[in-house]
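Each chain, letter by letter, is given below.
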Amino acid sequence: MFEEASEVLENMLKWSFPLSLVLFLVLVCPLRAEAAHEFSVYRMQQYDLQGQTYGSRNAILNTEARTVEAEVLSRRCVMMRLADFSYEKYQKALRQSAGAVVIILPQNMSTMPQDIVQQFMELEPELLATETIVPVYFALEDEELLSIYTQTQISSSSQGSSSAAEVLLHTATANGFQMVTSGAQSKAVSDWAITSLEGRLTGAGGEDLPTIVLVAHYDSFGVAPWLSYGADSNGSGVAILLELARLFSRLYSYKRTHAGYNLLFFLSGGGKFNYQGTKRWLEDNLDHTDSSLLQDNVAFVLCLDTLGNGDNLHLHVSKPPKEGSPQHALLKELEMVAAHQHPDLKFSMVHKKINLADDTLAWEHERGIRRLPAFTLSHLESHRSPARHSIMDMRSVSSSLEGAGEATAGPHVDLTKLSRNTKVIAEALTRVIYNLTEKGVSGDLEIFTEQMQVQEDQLASLVDWLTAQPRAAQLVDKDSSIVNTLEYHLNRYLKDVKRHLVRADKRDPEFVFYDQLKQTMNAYRVKPAIFDLLLAVCIASYLGVLYLAVQNFGFLYGFLRRVTAPRVKQH
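Calculation notes
Residues numbered from 1 in each chain as written. Predicted model: local features only at pLDDT ≥ 70, side-chain atom pairs only at ≥ 80, totals over all residues. Heavy atoms only, no water. Helix = DSSP H or I, 4+ residues; strand = E, 2+ residues; numbered from the N terminus. Buried < 20%, exposed > 50% of the residue type's maximum accessible area, 1.4 Å probe, protein only. Contact = heavy atoms within 4.5 Å. Areas by Shrake-Rupley, 256 points an atom, 1.4 Å probe, with all protein chains shown as cover. Polar contact = N/O pair within 3.5 Å; in protein donor to acceptor, adjacent residues only side chain to side chain. Pairing = 2+ DSSP bridges. Axes fitted to C-alpha atoms, helices over the stretch in contact; angles between N-to-C directions. Core = buried A, V, L, I, M, F, W, Y, C linked by side-chain atoms within 4.5 Å. 1 Å grid on protein atoms, 1.4 Å probe; cavity = no way out; pocket = protein on both sides within 12 Å on 5 of 7 lines; lining within 4 Å. Points joined across faces, edges and corners; volume = space filled by probe spheres on them. Parallel < 35°, antiparallel > 145°, perpendicular 65-115°, else oblique. Left-handed = near helix turned anticlockwise from the far one by under 90°. Nonpolar A, V, L, I, M, F, W, Y, C, P; charged D, E, K, R; others polar. Patch = residues over 30% accessible without salt bridge, like charges linked within 9 Å, V, L, I, M, F, W, Y side chains within 5 Å. Salt bridge = Lys/Arg side-chain N within 4 Å of Asp/Glu carboxyl O.

### Looking at the overall build of the chain
Working step 1: Broken down by element type, the chain carries 13 helices and 19 strands.
Working step 2: Counting every position in the chain, which comprises 571 residues, the buried fraction comes to 51%.
Working step 3: Restricting to contacts in the chain with at least 6 residues of sequence separation, those with at least 24 account for 82%.
Working step 4: As displayed, the chain offers around 27200 Å² of accessible surface, 53% of which is attributable to carbon and sulfur atoms.

Here's what the structure looks like:
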């Protein structure tokens with residue numbers, strides 16, 4: 001009877017072995033990934049300028065996530081939070097041939113400590129100084145992304161444990177995340193047009209009138225184009241230019257105050273890329289046009305750049321103005337207005353020669369300094385200030401903090417100081433245009449008061465609108481709402497408003513932009529490869545033991561019978 005039972009059981013085990021093998025193959029197959037989170041990511045700058053390549057040269061990402069604490073980062077997507085970011089950690093990821101880098105930013109930058117924001121602003125130029133082969137993305141933090149980061153950090157940190165068994169166990173049981181972008185590889189954008197806008201107020205009293213030119217570039221710049229809002233640099237300059245257009249259009253609308261100066265207003269595009277819009281505008285007006293205000297008697301060109309904060313005004317010049325010239329007159333009037341009407345404001349002139357060895361120009365006035373008398377007015381003392389090229393330059397300060405003297409993270413626009421700077425510029429220009437100092441008018445006299453006063457609400461609405469969307473040059477084409485709205489504002493106050501387009505030369509382009517700057521990233525929850533390996537080893541071991549049991553069933557059966565047989569008592 002026992003022999004029959006053993007034969008039946010042996011046959012059952014032999015028939016079940018193929019089924020177990022099929023089950024083994026199914027189980028060791030990779031587990032299906034579960035979609036954990038979908039979020040937008042913003043790629044680091046990628047552009048060519050003057051033949052030099054800058055930024056991240058790759059856009060495709062499909063690799064497992066790690067944090068910088070992990071021992072091995074090769075071919076991994078390294079995630080970092082802004083609070084923990086440093087240039088050393090970033091370089092560690094690149095040295096270990098990381099597959100990608102994702103930097104997580106807080107939703108509200110004003111919550112970050114000022115030292116962390118300042119540190120990152122100073123690092124942004126370093127990140128762009130040379131080309132980076134791997135894709136570098138920025139993402140805005142939310143609860144799910146923070147949870148993914150935390151789980152990945154725990155998994156990465158465990159690799160430093162002292163016990164190899166603990167590392168193996170934790171690695172096998174922890175959840176991993178596969179980071180995958182949905183877009184294609186980046187490619188150069190062909191035939192991209194940078195748009196600039198021009199408008200004018202014609203003076204009274206003849207044809208050969210002197211011309212004053214007011215210039216501000218409207219595009220923004222930062223390490224990631226889709227996060228570049230440029231509140232202070234240069235939303236403040238654009239807002240001031242439009243307010244000056246409104247004020248002087250009112251003065252020029254009355255015969256008694258219609259001055260003998262032409263006023264030319266220019267909103268330039270491509271300012272952050274060696275002022276490409278200004279370059280083409282000068283070429284069109286000075287080289288290819290018979291009749292242009294720039295070919296006639298130009299008194300000076302005043303460029304407005306980063307004027308939304310601070311208690312200093314610096315007039316940046318490449319060569320000091322000669323005494324008796326219109327440029328010198330403006331310099332003296334700015335000094336007088338600041339001293340008499342705003343004693344809290346410190347005015348100075350900063351002399352910096354043009355460095356021909358630099359690949360990029362420092363200030364906009366340097367673009368036409370050899371052909372026109374020009375200078376730049378800014379509250380920044382140096383063109384190297386990180387506030388001019390940062391994604392931290394955004395309009396994120398609540399009205400309750402403005403004027404309260406509270407420290408805020410990163411650059412921002414203080415409406416009170418923006419309004420004050422607008423008034424100083426308007427007063428100084430008016431004193432030059434109407435020659436008020438030589439007529440004996442005191443520096444204490446305020447011209448723009450009551451109905452002619454600077455409208456702070458107008459400036460606030462302009463800055464809010466300008467910072468409501470990124471204005472990187474790669475994102476603002478000739479049909480964008482930004483260009484159309486700027487053109488609308490100019491048409492409200494000025495005459496002969498026209499557009500100027502600049503496209504890169506196809507044979508030897510001065511600038512090249514690339515696409516795929518914003519993508520959707522998916523984080524898939526997956527088990528690590530070591531989990532599949534351990535599972536396969538366990539199942540293979542089980543099947544091996546089962547196979548040996550089938551092949552040696554007779555021996556096992558006999559052994560069990562001997563063990564379980566009742567012992568016979570010996571008398």
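Moving on, there is more to tell.
### Remarks on the side chain of Ser318
Working step 1: Among the secondary structure elements, Ser318 is positioned in the loop between strand 14 (312-317) and helix 8 (326-341).
Working step 2: Among the residues examined, Ser318 registers a relative accessible area of 10% and is labelled buried.
Working step 3: Engagement of the side chain of Ser318 in a polar contact is seen with the side chain of His365, the distance being 3.1 Å.

### So, unusual backbone geometry
Working step 1: In this structure, the amide linkage connecting Ser233 to the following residue, Asn234, adopts the cis form with an omega of 10°.
Working step 2: Notably, Ser97 is not glycine yet its phi reads approximately 60°, a positive angle.
Working step 3: Along the chain, Ser97 falls in the loop between helix 2 (87-95) and strand 6 (100-105).
Working step 4: Backbone geometry at Asn435 places phi at a positive 55°, although glycine is not the residue there.

### Topic: the sheet that holds strand 11 (residues 211-217)
Working step 1: Strand order in the open sheet formed by eight strands is 15-14-16-13-11-12-10-17, with mixed pairing between adjacent strands. Two strands lie at the open edges of the sheet, namely strand 15 (346-351) and strand 17 (495-503), each paired on one side alone. Each strand of the sheet is rotated relative to its neighbour by a mean of 20°, with strand direction disregarded.
Working step 2: Relative to strand 15, strand 14 runs parallel, the two sharing six bridges.

### Description of the nonpolar core
Working step 1: Counting 68 residues, the largest nonpolar core has Leu244, Phe248, Tyr252, Leu267, Leu302 and Leu429 as its most contacted members.
Working step 2: Residue contributions to this core peak at eleven residues, all from helix 6 (residues 231-251).
Working step 3: Once residues within four sequence positions are removed from consideration, Leu267 is found in contact with Ser196, Leu197, Ala216, Tyr218, Val238, Leu241, Leu242, Leu486 and Leu490.
Working step 4: Leu49, Ala98, Phe120 and Phe513 belong to the second-largest nonpolar core, a separate cluster that totals 45 residues.

### Concerning the side chain of Arg57
Working step 1: As for its position among the elements, Arg57 is in the loop between strand 3 (52-56) and strand 4 (62-67).
Working step 2: You can call Arg57 buried: its relative accessible area is 18%.

### Notes on empty space enclosed by the protein
Working step 1: By the definition in use, this model includes five cavities of 30 Å³ or more.
Working step 2: Approximately 70 Å³ is the volume found for the second largest cavity.
Working step 3: Val215, Thr278, Trp281, Leu282, Val301, Cys303, Glu364, His365, Gly368, Leu372 and Ala374 together form the lining of the second largest cavity.
Working step 4: The element best represented in the lining of the second largest cavity is helix 7 (residues 276-286), accounting for three residues.

### Points about the environment of Asn421
Working step 1: Inspection of the secondary structure puts Asn421 in helix 9 (residues 415-433).
Working step 2: The class of Asn421 is buried, set by a relative accessible area of 0%.
Working step 3: C-alpha separation for the pair Asn421 and Ser378, spaced 43 residues apart in sequence, amounts to 9.6 Å.
Working step 4: Leave out the neighbours within four places in its chain, and Asn421 touches Leu307, Asn309, Leu313 and Leu345.

### Some points on the packing of helix 6 against helix 11 (residues 481-493)
Any two packed helices are characterised by the angle at which their axes cross and by the distance between the axes.
Working step 1: Axis separation between helix 6 and helix 11 bottoms out at 8 Å; the angle between their running directions is 20°. What the angle tells us is that helix 6 and helix 11 run roughly parallel. Judged by the sense of rotation from one axis to the other, the crossing of helix 6 with helix 11 is left-handed. Of the residues in helix 11, those in contact with Val238, Leu241, Leu242, Ala245, Arg246 and Ser249 of helix 6 are Leu486, His489, Leu490 and Tyr493.
Working step 2: Its residues placed into classes, the contact of helix 6 with helix 11 shows seven nonpolar, two polar and one charged.

### Observations regarding the layout of surface pockets
Working step 1: Size it by volume and the largest pocket reaches roughly 780 Å³.
Working step 2: Forming the walls of the largest pocket are 26 residues, and the residues nearest its centre are Tyr47, Pro125, Phe221, Thr360 and His389.
Working step 3: The element that contributes the greatest number of residues to the lining of the largest pocket is helix 3 (residues 114-128), accounting for six residues.
Working step 4: Across the lining of the largest pocket, the residue classes break down as twelve nonpolar, six polar and eight charged.

### Quick notes on the sheet that holds strand 18 (residues 511-513)
Working step 1: As summarised here, the arrangement of the four strands in space is 7-3-2-18, forming an open sheet in which the pairing is mixed. A single partner strand is all that each edge strand has here, and the edge strands are strand 7 (131-132) and strand 18.
Working step 2: Two strands pair when backbone bridges link them, and strand 3 and strand 7 are joined in this way by two bridges, in the parallel orientation. Each bridged residue has a counterpart across the sheet, and for Ser56 the counterpart in strand 7 is Thr132.

### Remarks on a nonpolar patch on the surface
Working step 1: There is a patch of nonpolar side chains on the surface, built from Phe555, Leu556, Phe559, Leu560 and Val563 and spanning about 510 Å² of accessible area.
Working step 2: Looking at where Val563 falls in the secondary structure, it is placed in helix 13 (residues 553-564).
Working step 3: Here Val563 falls in the exposed class, since its relative accessible area comes to 53%.

### As for the environment of Asp191
Working step 1: Structurally, Asp191 is set in the loop between strand 9 (176-181) and strand 10 (193-201).
Working step 2: A C-alpha to C-alpha distance of 9.8 Å links Asp191 and Phe513, two positions 322 residues apart in sequence.
Working step 3: Among the polar contacts made by the side chain of Asp191, one reaches the side chain of Arg503 at a distance of 3.1 Å.

### Description of the pattern of salt bridges
Working step 1: Tallying each qualifying case throughout the model produces 23 salt bridges.
Working step 2: Between Glu243 and Arg246 there is a salt bridge whose closest N-O contact spans 2.7 Å. Of this pair, Glu243 and Arg246 both sit in helix 6, three residues apart, which is roughly one turn of that helix. One exposure class covers both Glu243 and Arg246, and it is buried.
Working step 3: For the salt bridge of Asp464 with Arg395, the shortest nitrogen-to-oxygen distance reads 3.1 Å. Taken together, the residues Asp464 in helix 10 (residues 456-466) and Arg395 in the loop between strand 16 (374-378) and helix 9 connect sequence positions 69 residues apart.
Working step 4: Take Asp464: its relative accessible area is 38%, and that puts it in the partly exposed class.
Working step 5: Each of Lys279, Arg280, Glu283 and Glu510 takes part in a single network of salt bridges with overlapping partners.

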